[in-house]
Amino acid sequence: MDAEAAALIGKGLATVSMFGSGIGEGYLIGKALEAMGRNPDMSGTIFTRMIIGVALAESTAIYALVAFFLI
Amino acid sequence: MNITRDITNIEPHVFFSFLGLDIADSTIFIFGILIFMIITGFLIRKYFSVLPSKLQVAIEVAFEASHDLIGNIINDEEKTKKAFPVIGAIMLYILIANVVGLLPGVEQLSFGGHGILRTPTSDFNTTFGLALGAVVIINLIAIKEKGIISYLGQFFPFHLIWKGFKKGIGAGCIAVIEFFIGLLDIIGEVVKVVSLSLRLFGNMYAGQILMVIMFGFIAFVVPALWLAMSLFVGVLQAIVFAALVASYYMLATTTTEVSEETQH
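Every value quoted in this text rests on a predicted model; they were computed, and no experiment measured them.

Conventions we followed
Residues numbered from 1 in each chain as written. Chains lettered and ligands numbered in written order. Predicted model: local features only at pLDDT ≥ 70, side-chain atom pairs only at ≥ 80, totals over all residues. Helix = DSSP H or I, 4+ residues; strand = E, 2+ residues; numbered from the N terminus. Rg over C-alpha atoms; globule rule 2.2 N^0.38 Å. Buried ≥ 20, exposed ≤ 12 C-beta atoms within 10 Å, placed from the backbone. Contact = placed C-beta atoms within 7 Å. Core = buried A, V, L, I, M, F, W, Y, C linked by C-beta atoms within 7 Å. Nonpolar A, V, L, I, M, F, W, Y, C, P; charged D, E, K, R; others polar.

1. Topic: the overall build of chain B
- Across its full length, chain B holds nine helices and four strands.
- Each helix (α) and strand (β) of chain B, taken in turn from the N terminus, gives the series α-β-β-α-α-α-β-β-α-α-α-α-α.
- Computed over its C-alpha atoms, the radius of gyration of chain B comes to 23 Å, more than 25% above the 18 Å expected for a compact globule of 264 residues.
- For chain B, the C-alpha atoms occupy an extent of roughly 70 × 55 × 45 Å along the three principal directions.
- By the burial criterion, 24% of the 264 residues in chain B qualify as buried.
- If you take every contact in chain B between residues at least 6 apart in sequence, the share linking residues at least 24 apart comes to 68%.

2. Comments concerning the nonpolar core
Residue and element names in this part refer to chain B.
- By size, the foremost hydrophobic cluster in this structure holds 33 residues, and its most contacted members are Ile-90, Ile-94, Phe-241, Ala-242, Val-245 and Ala-246.
- Of all elements in the fold, only α3 (54-74), α4 (77-100), α5 (124-146), α8 (169-217) and α9 (222-263) reach the threshold of two or more residues within this core.
- If you tally residues by element for this core, the top one is α9, at ten residues.
- Discounting chain neighbours no more than four positions away, the residues touching Ile-94 are Thr-121, Leu-200, Ala-238 and Phe-241.

3. Observations regarding the environment of Ile-116 of chain B
Residue and element names in this part refer to chain B.
- Within the secondary structure layout, Ile-116 lies in the loop between β4 (114-115) and α5.
- Ile-116 sits in the partly exposed class, given 18 other C-beta atoms within 10 Å.
- Spatially, the C-alpha atoms of Ile-116 and Tyr-249 are 37 Å apart, while their sequence positions differ by 133 residues.
- Setting aside its immediate chain neighbours within four residues, Ile-116 contacts Asp-25, Ile-28, Leu-109, Ser-110 and Phe-111.

4. Comments concerning unusual backbone geometry
Residues and elements named next belong to chain B.
- A positive phi angle, near 55 degrees, is found at Leu-19, a position not held by glycine.
- C-beta crowding within 10 Å serves as the criterion here: with 4 such atoms nearby, Leu-19 is assigned to the exposed category.
- You will see that Asn-75, though not glycine, has its phi angle at about 70 degrees, which is positive.
- Inspection of the secondary structure puts Asn-75 in the loop between α3 and α4.
- The exposure class of Asn-75 is exposed, given the 11 C-beta atoms found within 10 Å.

5. Re the interface of chain A and chain B
- The interface is formed by eleven residues belonging to chain A together with 14 residues belonging to chain B.
- Of all elements in the fold, only α3 (43-57) and α4 (59-70) of chain A reach the threshold of two or more residues within the side of chain A that touches chain B.
- A total of seven residues in the side of chain A that touches chain B trace back to one element, the largest contributor, which is α4 of chain A.
- In terms of residue class, the side of chain A that touches chain B is built from ten nonpolar, one polar and no charged.

The following block contains the structure:
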């Protein structure tokens, strides 16, 4: 197997790790919606915190994307 | 369209060297935004009055919103007053830098086959510098507030082993584990720098690459949607960077009291 073929397989494998971030974000948004249902007054605050939380949970997927472009 | 030619490299393309410093494609924007922020600061000092005009009200609304955001994270009035100038400046710089690359026509100006303008935060040097600077400042503030012995005592907690073995052998062994956890905090600082810089760099750089690829698929309506998404992501990443730096600052200046309470 030459180096180029191995590099392409590596690129494909690097993108597998992104599905974990999808599960994590879905869980986070679900919990945020539940909290908004229980306490509708705080909806604005909860939504803002949720957006920040989603950006943080996205960061491991972004590391995988950077690794994809580096290989 | 030739994908391999249009995609920007991870490395910035250096045009020439000037007194030993490389002038690359992102240099103009990096310093341009800095000069713009300084000039705007002077103009604000000079022209803002007690009876505000509409522009002043808009800027004050944005200032209050970001002050409340950082203040909610730090949870302490005086510390927010000390830290907000630095954290707010970082947030404003990243906000302008993320958005300026999306103005139409900006990325097309070229000189000798290579574009001369590039989003500054899509260059890993910028984001690494910002992250390293923020983490170093936080550690320097922690040293100044706690004193250097107490600061080093966080990473090499010999005092925990001493107190643990005074209580008994069982508590002493647990204290040895806490000693190694304290050593891992050193790696934690390095990880903070790497994660902050990579998150911002990855979001901006991958956004550019995906825009080029999307022009390859459908060149008509869809890139406009991706442009709106890039705008949103740019603003969001600035807020997330500032919020994380604020929370690291809060952790660095409060940890001593919490751990002392749990010791007794």
